[in-house]
Amino acid sequence: MRQNWLPFASYNLWLQYSPPIGKEHLHCDMKRGFTKARSKEPAVAAILVSDSIPQRIGLLAQRGVYEFHQNSPMLHQQDAVEKIVEILELRKESDLVQQRVLQILTNYQQNPILAEKKIIQLSRGDEDFPEPILIKQGNQSFNFYAAIDCIFAEEDNTLHILDFKTGHSDFDRRQGYIYLLAASYWYPNQKAVVSFYNLENGNWSEPISATSNILQAFQIELALIAQRHQEDLRRYRKNSADFSKIFPQNPGVSCRYCSFNSICEFTISEAST
Ligand code: SF4
């Protein structure tokens with residue numbers, strides 16, 4: 001039976017409304033407009049299907065970790081990194097991507113942090129959207145999407161959600177709480193913690209846990225974001241000429257790193273910044 005369309009929320013959508021601390025200068029609401037309201041336009045769709053370099057590195061790094069654990073004895077084989085390079089077809093990637101992913105694979109073989117863990121779930125990184133969690137908040141219902149990299153069980157059976165990072169991005173605690181909210185629906189009777197591990201520099205955050213009050217506060221915030229996003233889309237469908245009023249541009253240094261700078265009329269080039 002076909003499900004009625006519902007508003008949705010996710011950590012990724014939240015990020016598009018409110019950047020993490022320290023990334024405010026890169027925030028631009030118009031990026032959300034391109035991604036969410038104009039995604040079917042051919043020029044926008046072409047941009048959305050191609051991964052940026054950081055996305056590509058993140059994806060291949062996740063896949064590399066997954067491959068190590070598909071065949072655990074491989075973790076101890078001398079030529080394991082080489083084999084995974086073949087599986088990932090890494091040689092087809094740009095020099096920068098090859099170099100960084102090769103380093104990540106080498107780091108991981110030297111310090112395979114999941115080697116002795118009871119892994120419950122380990123994502124390949126290229127799966128389709130996960131099944132949404134249907135949340136009822138007050139008189140509103142929305143679909144909540146959470147794509148989790150890895151879950152393992154601690155010795156005392158606490159679920160440990162692990163999020164892999166690459167590059168210099170700081171850990172955003174909001175993401176941790178969002179994952180704990182998802183775990184509270186998937187595994188309602190189990191204690192859970194979340195942590196972040198950077199595959200490039202080996203930084204592993206302290207585990208974060210949450211009380212039910214914190215999770216409730218995050219659920220309310222997600223419900224508001226779902227509502228706000230639905231309203232933005234409704235306004236755009238009603239009058240697409242209002243695009244820049246609904247999704248205001250923030251030209252500046254943000255344009256340099258923006259995937260839409262080739263099609264955005266407000267972009268500011270490096271020369272003029
Ligand atoms: S190019 Fe600049 S103004 Fe246009 S969407 Fe990107 S960041 Fe915003």
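Residues numbered from 1 in each chain as written. Predicted model: local features only at pLDDT ≥ 70, side-chain atom pairs only at ≥ 80, totals over all residues. Heavy atoms only, no water.

(A) Representation of the overall build of the chain in the model. Assigned secondary structure in the chain consists of ten helices and seven strands. In summary, the chain has a C-alpha radius of gyration of 20 Å against a globular reference of 19 Å for 273 residues, a match within 12%. Taken along its principal axes, the extent of the C-alpha atoms in the chain is 60 × 50 × 40 Å. The proportion of buried residues among the 273 residues of the chain is 42%. For the chain, long-range pairs separated by at least 24 residues make up 69% of all intrachain contacts whose partners lie at least 6 apart in sequence. For the chain, the computed accessible surface area is about 15600 Å², with 49% contributed by carbon and sulfur atoms. When the 28 basic and 31 acidic side-chain charges of the chain are each reduced to a single mean position, those positions are 7 Å apart. (Helix = DSSP H or I, 4+ residues; strand = E, 2+ residues; numbered from the N terminus. Rg over C-alpha atoms; globule rule 2.2 N^0.38 Å. Buried < 20%, exposed > 50% of the residue type's maximum accessible area, 1.4 Å probe, protein only. Contact = heavy atoms within 4.5 Å. Areas by Shrake-Rupley, 256 points an atom, 1.4 Å probe, with all protein chains shown as cover. Lys, Arg positive; Asp, Glu negative; His and termini not counted. Charge placed at Lys NZ, Arg CZ, Asp CG, Glu CD.)

(B) Representation of the environment of Ser 94. Secondary-structure assignment places Ser 94 in the loop between α5 (80-88) and α6 (95-110). Under the relative-accessibility criterion, Ser 94 is labelled partly exposed at 35%. For the pair Ser 94 and Ile 53, spaced 41 residues apart in sequence, the C-alpha to C-alpha distance is 8.8 Å.

(C) Representation of the pairing of strand β4 (residues 140-145) in the model. With three bridges connecting them, strand β1 (residues 8-10) and β4 associate as parallel partners. Bridge pairing in β4 links Ser 10 to Tyr 145. (Pairing = 2+ DSSP bridges.)

(D) Structural context of the nonpolar core. Within the largest apolar cluster, 31 residues are counted, with the highest numbers of intra-cluster contacts made by Phe 142, Phe 144, Ile 161, Ile 178, Tyr 179, Leu 180 and Leu 222. Where this core is concerned, the elements lending two or more residues are α1 (11-17), β3 (133-137), β4, β6 (159-165), α7 (173-186), β7 (192-198) and α8 (212-238). The greatest single-element share of this core, amounting to seven residues, is contributed by α7. Filtering out sequence-adjacent residues up to four positions away, Tyr 179 remains in contact with Ala 146, Ala 147, Ile 148, Ile 161, Asp 163 and Val 194. (Core = buried A, V, L, I, M, F, W, Y, C linked by side-chain atoms within 4.5 Å.)

(E) Representation of the packing of helix α2 (residues 29-37) against α8 in the model. At a minimum axis distance of 11 Å, the contact between α2 and α8 shows a crossing angle of 75 degrees. With respect to each other, α2 and α8 are oriented roughly perpendicular. In contact with Arg 32, Lys 36 and Ala 37 of α2, α8 contributes His 229, Asp 232, Leu 233 and Tyr 236. Partitioned by chemical class, the residues of the contact of α2 with α8 number three nonpolar, one polar and three charged. (Axes fitted to C-alpha atoms, helices over the stretch in contact; angles between N-to-C directions. Parallel < 35°, antiparallel > 145°, perpendicular 65-115°, else oblique. Nonpolar A, V, L, I, M, F, W, Y, C, P; charged D, E, K, R; others polar.)

(F) Structural view of the domain arrangement of the chain. Per the domain assignment, the segments making up the chain are domain 1 (8-41 + 117-272) and domain 2 (51-116). On the side of domain 2, 20 residues touch domain 1, which itself brings 18 residues to the contact. Interface area for domain 1 against domain 2, summed over the two sides, is near 1700 Å², with a carbon-plus-sulfur share of 62%. Looking at the side of domain 1 facing domain 2, the largest losses of area belong to Lys 117, Arg 124 and Leu 199, adding up to 37% of the total buried there. Viewed at the interface, domain 2 and domain 1 are joined by one salt bridge. (Domains from an automatic or database assignment. Buried area = accessible area lost by both parts, 1.4 Å probe. Salt bridge = Lys/Arg side-chain N within 4 Å of Asp/Glu carboxyl O.)

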